[in-house]
Amino acid sequence: MCGIVGYIGPKNVIPILINGLKKLEYRGYDSAGICFLNDGQIGIRRCAGKIKALETSIKKDRLKSLIGIGHTRWATHGKPTEENAHPHRAGGIVVVHNGIIENYIELKEALKKKGHKFTSETDTEVICHLIYSYTKKGDNLELATKKALKHVDGAYAIGVISEAEPDKIIAVKNDSPLCIGIGKGEYFIASDIPAFLKYTRDAIILENGDMATLTREGCSITNIISNKPVRIKPTTITWSPAMAEKGGYKHFMLKEIYEQPRAVADTIRGRFSVEKADVNLKEFSLDKAALKGLNKIFLVACGTSWHAALVGKYMIEDMARIPCEVDIASEFRYRRPLVPKGSLMIVITQSGETADTLAAQKEAKRLGAKTLTICNVVGSTSSRDADSIFYTHSGPEIGVASTKAFTTQLSALYIFSIAVARARGGMKPAKARELFEDLLQLPEKIESALHCDKEIQKIARKFHKVNDFLYLGRGINYPIALEGALKLKEISYIHAEGYPAGEMKHGPIALIDSNMPVVALAHDDHVLEKILSNMEEVKSRGGKVIAIATEGNTKIKARAPHIVYLPKTNYYLTPIIFSIPLHLLAYHISVLRKCNVDQPRNLAKSVTVE
Ligand code: AGP
């Protein structure tokens, strides 16, 4: 996610912007820039790469200014280059932005027709030109910004300054985080509190539609949706700077688990149209004819991303009725795979740099397959090597154990499955609309699934000292049993196995005793009765069942001493909802065992070696 910092006050703004951006580095970025006003003249310095490079480039200029805005960019539209780095400018208007403008292509075309010239590939630059076009008609900065944003669909947190009004910063929030720091005669804007915590602990968290106007005299806030002034009541932040980087959470992993509603909302935003009952294929450089002509789909990945690939097989085969083959990436290139004409390989990788996955992608291309990467890092090796790209917008994932990247990968596979089913004519518009509506409700369902945290903490306290866990799932939730087991073992170092529940009688049932908890995923679907009898088999041998079930399931009570109920959703989206308690269980057990949750022993966030 991008980082925004702004300041107006009596101090030199340059070090405040640089230090503030450094405090936001944890959000991940690939370019940075600042804008400042000197005697009413705009100065902009930007660079691709790290803030250090920016700092070095401005050091010799001995810049001084009392107002400015800065930005670290996590590329979503356009490569990580200096031209695409923020701040962006149009005339005397300068903007920094965090978020995704869904309709920027149409807006850009319309502005070009009016003679506007663009210098970047970003969606952000459109906002500058819109605001500039209204100031040219005589509107002040607040009014021009408000009118400009009426054209914009999507998520944004923006900071704006203008040469014509040199003692003012405007900040507006809509679906991307933005807060205000209230100092003594000085005011800050930032994407996150750590950026100004060194200068003030008094913060205002903006709500959707809030427009803050910061001047040397103070800060006022109006909501541009309700058109009403907002009463300012700063919150005093008591976090330590370290806690502040984690948004007040103890670990990045917990923060990222709780970021999932926003991460999924950002990933699905603008990717499909309910009224057209179809996916916006252009965004992924896919086309209907190519999808229609597919004979086979391969999915390759490692670790948690491989679990996403397994879920993807269930989604694609069930919705689109096209054969799918899933490989662990490190196996694919050594088994002399048969890749028929008209094959597509879906490469799933959070980092886009996993060596085994890149090698499988290369082998698939050598064998003539087209490749689609589902990836979280713009400009990563896998995304550069792919024919088509579906970027997840989960924002950088810092914790080694993948959580929000996983659920956004599953959201991407769900959208892709509908795209293939619609292209091959197997899915009627009404069915597609129904599935899209379910997807639009998913962030809210994840939000309510997170309420199981208290129950999970109780279960973690009961079982954090055991040496073995077994996870059982069926159908589309079998890969989630694997995922639950992987999460537990990688951050708590407890031996854990995921198994298809039907396989229990072919071996693992010999392990069942009162010392080994068994997590059973019991979703209300066509195999519910089967998993209920598996739970009976465990119980009758003294095993302890921890059931993850759908709200309203009355059959489960007698079969499990520990039950976690989750919101109902459609069959394909259950894996996303069911992974929430499993990630939380692994997290809390790891904390109780005093393991290094974010940096578990022997593990790396991205395995760039074979
Ligand atoms: C997941 O929690 C692990 N950290 C690991 O299995 C990871 O999923 C795997 O290394 C693949 O990484 P990638 O998605 O970046 O390719």
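Here, every reference points to the structure presented above.
Let me sum up the structure you'll find in this document.

## Focus: the overall build of the protein
Thinking step 1. A count of helical and extended segments in the protein gives 19 helices and 27 strands.
Thinking step 2. Over its C-alpha atoms, taken along the principal directions, the protein stretches across nearly 80 × 55 × 45 Å.
Thinking step 3. Counting across all 610 residues of the protein, residues that qualify as buried make up 62%.
Thinking step 4. When contacts within the protein are restricted to residue pairs at least 6 apart in sequence, long-range pairs at least 24 apart make up 70% of them.
Thinking step 5. Carbon and sulfur atoms provide 53% of the accessible area of the protein, an area that totals close to 23,700 Å².
Thinking step 6. Measuring between centres, the 84 positive side-chain charges of the protein sit 1 Å from its 66 negative side-chain charges.

## Looking at the site of the ligand
Thinking step 1. Near the ligand there are 14 residues, and of these Ser305, Thr349, Ser351, Thr354 and Glu490 occur at the shortest range.
Thinking step 2. Thr304 is positioned with one of its backbone polar atoms (N or O) 3.1 Å from an oxygen atom of the ligand.
Thinking step 3. At 2.5 Å, a side-chain N or O of Glu490 approaches an oxygen atom of the ligand.
Thinking step 4. Here the ligand, which alone exposes 410 Å², has 91% of that area covered by the protein.
Thinking step 5. Listing elements by their share of the shell around the ligand, those giving two or more residues are helix H10 (303-320) and helix H17 (478-492).
Thinking step 6. In terms of residue class, the shell around the ligand is built from four nonpolar, eight polar and two charged.

## A closer look at the packing of aromatic side chains
Thinking step 1. Counted according to the given criterion, the structure contains eleven aromatic pairs.
Thinking step 2. Each ring, one from Phe298 and one from Phe332, has its centre 6.0 Å from the other, and the planes form 70°; the classification is edge-to-face. Here Phe298, found in strand E18 (residues 296-301), pairs with Phe332, found in helix H11 (residues 329-332); they are 34 residues apart in sequence, far enough to count as distant.
Thinking step 3. A residue is classified by how much of its surface remains accessible, and Phe298, at 2% relative accessible area, is buried.
Thinking step 4. Overall, Phe332 belongs to the buried group, its relative accessible area being 0%.
Thinking step 5. The ring of Phe252 has Lys246 lying over it, and the distance from NZ or CZ to the ring centre is 5.5 Å.
Thinking step 6. We note Arg601 situated over the ring of Tyr493; from NZ or CZ to the ring centre the distance is 3.8 Å.

## Section: the packing of helix H4 (residues 124-135) against helix H5 (residues 141-149)
Thinking step 1. Axis separation between H4 and H5 bottoms out at 8 Å; the angle between their running directions is 130°. Classed by the angle they form, the pair H4 and H5 counts as oblique. Judged by the sense of rotation from one axis to the other, the crossing of H4 with H5 is right-handed. Contacts from Ile127, Leu130, Ile131, Tyr134 and Thr135 of H4 reach H5 at Leu141, Ala144, Thr145, Lys147, Ala148 and Leu149.

## Topic: the pairing of strand E19 (residues 324-328)
Thinking step 1. Here E18 runs beside E19; their pairing, made up of five bridges, is parallel. Along E19, the bridge assignment pairs Val300 with Asp327.
Thinking step 2. Assessed by its sense of winding, the connection that carries the chain from E18 through H10 to E19 is right-handed.

## Brief notes about the nonpolar core
Thinking step 1. Ranked by size, the top nonpolar core spans 94 residues in total, and within it Ile297, Leu299, Ile346, Phe416, Phe469 and Tyr471 carry the most contacts.
Thinking step 2. When residues in this core are grouped by element, the largest group, twelve residues, is from helix H14 (residues 404-423).
Thinking step 3. Core analysis: the second largest hydrophobic core is formed by 30 residues, Leu63, Ile193, Leu197 and Ala244 among them.

## Here's the deal with the side chain of Ser162
Thinking step 1. Structurally, Ser162 is set in strand E7 (residues 154-162).
Thinking step 2. The buried category is assigned to Ser162, whose relative accessible area is 4%.
Thinking step 3. Among the polar contacts listed, one links the side chain of Ser162 to the backbone nitrogen of Ala164, at a separation of 3.0 Å.
Thinking step 4. In this structure Ser162 touches Leu37, Gly92, Ile93 and Leu141, once residues within four positions along its chain are discounted.

## What about the packing of H14 against helix H15 (residues 429-449)?
Thinking step 1. Their axes nearest at 11 Å, the elements H14 and H15 cross at an angle of 170°. The angle between H14 and H15 places the two elements in the roughly antiparallel class. Contacts between H14 and H15 involve Ser411, Tyr414, Ile415, Ile418 and Arg422 on the former and, on the latter, Pro429, Ala432, Leu435, Phe436, Asp438, Leu439 and Leu442.
Thinking step 2. A class-by-class count of the residues in the contact of H14 with H15 yields nine nonpolar, one polar and two charged.

Rules used throughout
- Residues numbered from 1 in each chain as written.
- Predicted model: local features only at pLDDT ≥ 70, side-chain atom pairs only at ≥ 80, totals over all residues.
- Heavy atoms only, no water.
- Helix = DSSP H or I, 4+ residues; strand = E, 2+ residues; numbered from the N terminus.
- Buried < 20%, exposed > 50% of the residue type's maximum accessible area, 1.4 Å probe, protein only.
- Contact = heavy atoms within 4.5 Å.
- Areas by Shrake-Rupley, 256 points an atom, 1.4 Å probe, with all protein chains shown as cover.
- Lys, Arg positive; Asp, Glu negative; His and termini not counted.
- Charge placed at Lys NZ, Arg CZ, Asp CG, Glu CD.
- Near = heavy atom within 4 Å.
- Polar contact = N/O pair within 3.5 Å; in protein donor to acceptor, adjacent residues only side chain to side chain.
- Nonpolar A, V, L, I, M, F, W, Y, C, P; charged D, E, K, R; others polar.
- Phe/Tyr/Trp six-rings, centres within 6.5 Å; stacked < 30°, edge-to-face > 60°.
- Lys NZ or Arg CZ within 6 Å of the ring centre and 35° of its normal.
- Axes fitted to C-alpha atoms, helices over the stretch in contact; angles between N-to-C directions.
- Parallel < 35°, antiparallel > 145°, perpendicular 65-115°, else oblique.
- Left-handed = near helix turned anticlockwise from the far one by under 90°.
- Pairing = 2+ DSSP bridges.
- Right-handed = clockwise from strand over helix to strand, strands pointing away.
- Core = buried A, V, L, I, M, F, W, Y, C linked by side-chain atoms within 4.5 Å.

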